Amino acid sequence: MTNTQHQLKAEPRTLFGKKSKQLRNKGQVPANISGKIKVPVAITVDAKEFRKIHLDAGETAVVYIQVDGEKEKRPTLIDSVDLDVMSRKPLHVTFRQVDLKEKVTATVPVELTGELAVTDASINQMFQEIEVEALPTDFPEAFTIDLTQFTEIGQEFTVRQLKADSTKLTLSLEPDEILLQVQELQQMDEEPVEAAPAEGVEGADGEGAPADGAKPAEGEAKADEKKEDSKE
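Fair warning: this is a prediction, and the values are worked out from it, not measured in the lab. (Residues numbered from 1 in each chain as written. Predicted model: local features only at pLDDT ≥ 70, side-chain atom pairs only at ≥ 80, totals over all residues. Heavy atoms only, no water.)

### Points about the side chain of Thr-60
Next, step 1: Of note, Thr-60 is situated in the loop between α2 (47-57) and β4 (63-67).
Next, step 2: Its relative accessible area of 3% is what places Thr-60 among the buried residues.
Next, step 3: Within polar-contact distance, the side chain of Thr-60 engages the backbone oxygen of Pro-140 at 3.2 Å.
Next, step 4: Setting aside residues up to four positions removed in sequence, Thr-60 forms contacts with Leu-77, Thr-107, Val-108, Pro-136, Phe-139, Pro-140 and Glu-141. (Helix = DSSP H or I, 4+ residues; strand = E, 2+ residues; numbered from the N terminus. Buried < 20%, exposed > 50% of the residue type's maximum accessible area, 1.4 Å probe, protein only. Polar contact = N/O pair within 3.5 Å; in protein donor to acceptor, adjacent residues only side chain to side chain. Contact = heavy atoms within 4.5 Å.)

Put into structure tokens, the structure is as follows:
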């Protein structure tokens, strides 16, 4: 079945470069449609609507873009999103137009669910995402691994154990590739560190006496002179 739930309206873009800031101030996001077309199309989309779509569709679900003035919707995948460093708001989006009857390549995230039941153990996850080739409508939102299935240290989870339909999906990793491993929790030995004695000062046996050849402090010198005077 063709996925039609992710739909986004767009308008042709007339402002470019530094003038794109005017669009963002109006709640719009500058964007381009590239991919399976001869000439890229510059558009703008509503910022709030795009954030909802991006959160739900990710980069593996088809987003049908209806450009104002065009009769047919464009099937696309979200190819890249440039975010503001501070606010994390989208500054620019690139959509990749696809042919629903031709396979394409995209990255599918590997997500961990549940809690690890093994005590004093940690998870070493080798891959956060996997490159997959498939028809645009066959991509899964994510590959999930349930951590509650692991009962002892040393257990591994390989690509072969993923719930991936091999008739629709071609994964870039070999079946025996390890995706994650249960490892013993490493604890760092905390040993007290002794402070090194200050330069020119002896150890505890010397009780802080000045080193040979060192001049006494000015106050100490005057005190010694008074003692000598009183003796005289």
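Having seen it, we continue.
### A look at the sheet that holds strand β8 (residues 121-125)
The strands that make up a sheet pair up through hydrogen bonds in the backbone, lying either parallel or antiparallel.
Next, step 1: Spatially, 3 strands are ordered β8-β13-β11 in an open sheet, and the strand pairing comes out antiparallel. Across the chains shown, the open sheet's two edge strands, defined by having one partner strand only, are β8 and β11 (156-158). Neighbour to neighbour, the strand axes of the sheet diverge by 15 degrees on average, direction disregarded.
Next, step 2: Here 5 bridges tie β8 to strand β13 (residues 178-184), and the two strands are oriented antiparallel to one another. (Pairing = 2+ DSSP bridges. Axes fitted to C-alpha atoms, helices over the stretch in contact; angles between N-to-C directions.)

### Quick notes on the pairing of strand β9 (residues 129-134)
Along a regular strand, successive side chains alternate from one face of the sheet to the other.
Next, step 1: Here β9 shows one buried face, formed by Ile-130, Val-132 and Ala-134, and one open face, formed by Glu-129, Glu-131 and Glu-133.
Next, step 2: Where strand β7 (residues 104-113) and β9 come together, 6 bridges link them in antiparallel fashion. Bridged to Thr-107 within β9 is Glu-131.
Next, step 3: With 2 bridges joining them, β9 and strand β12 (residues 170-171) adopt antiparallel strand pairing. Each bridged residue has a counterpart across the sheet, and for Glu-133 the counterpart in β12 is Thr-170.

### Comments concerning the pairing of strand β2 (residues 28-35)
Next, step 1: As defined by bridge partners, β2 adjoins strand β3 (residues 41-46) across 6 bridges and the pair is classed as antiparallel. For Val-29, the partnering residue across the bridge sits in β3 and is Val-45.
Next, step 2: In textbook terms, the turn of a hairpin is the stretch between consecutive antiparallel strands, and for β2 and β3 this stretch comprises 5 residues.

### Focus: the nonpolar core
Nonpolar side chains in soluble globular proteins tend to end up buried together.
Next, step 1: One finds Ile-130, Val-132, Phe-143, Ile-145, Leu-162, Leu-171 and Leu-179 to be the most contacted residues of the largest nonpolar core, which totals 27 residues.
Next, step 2: Within the residue set of this core, elements represented by two or more residues are β7, β9, β10 (143-146) and β13.
Next, step 3: For this core, the element with the highest residue contribution is β7, accounting for 4 residues.
Next, step 4: Look past the residues within four positions of Ile-130 in its chain and what remains in contact with it is Ala-106, Thr-107, Val-108, Val-110, Phe-143, Leu-162, Leu-171, Ser-172, Leu-173 and Leu-179.
Next, step 5: Formed by 19 residues, the second largest nonpolar core is a distinct cluster that contains Val-29, Ala-47, Ile-65 and Phe-95. (Core = buried A, V, L, I, M, F, W, Y, C linked by side-chain atoms within 4.5 Å.)

### A look at the side chain of Gln-125
Next, step 1: Of note, Gln-125 is situated in strand β8.
Next, step 2: Residue Gln-125 is classed as buried on the basis of its relative accessible area, which comes to 18%.
Next, step 3: Of note is the side chain of Gln-125, whose polar atom sits 3.3 Å from the backbone oxygen of Val-110.
Next, step 4: With sequence-adjacent residues up to four places away left out, Gln-125 is seen in contact with Val-110, Leu-112, Leu-179 and Leu-180.

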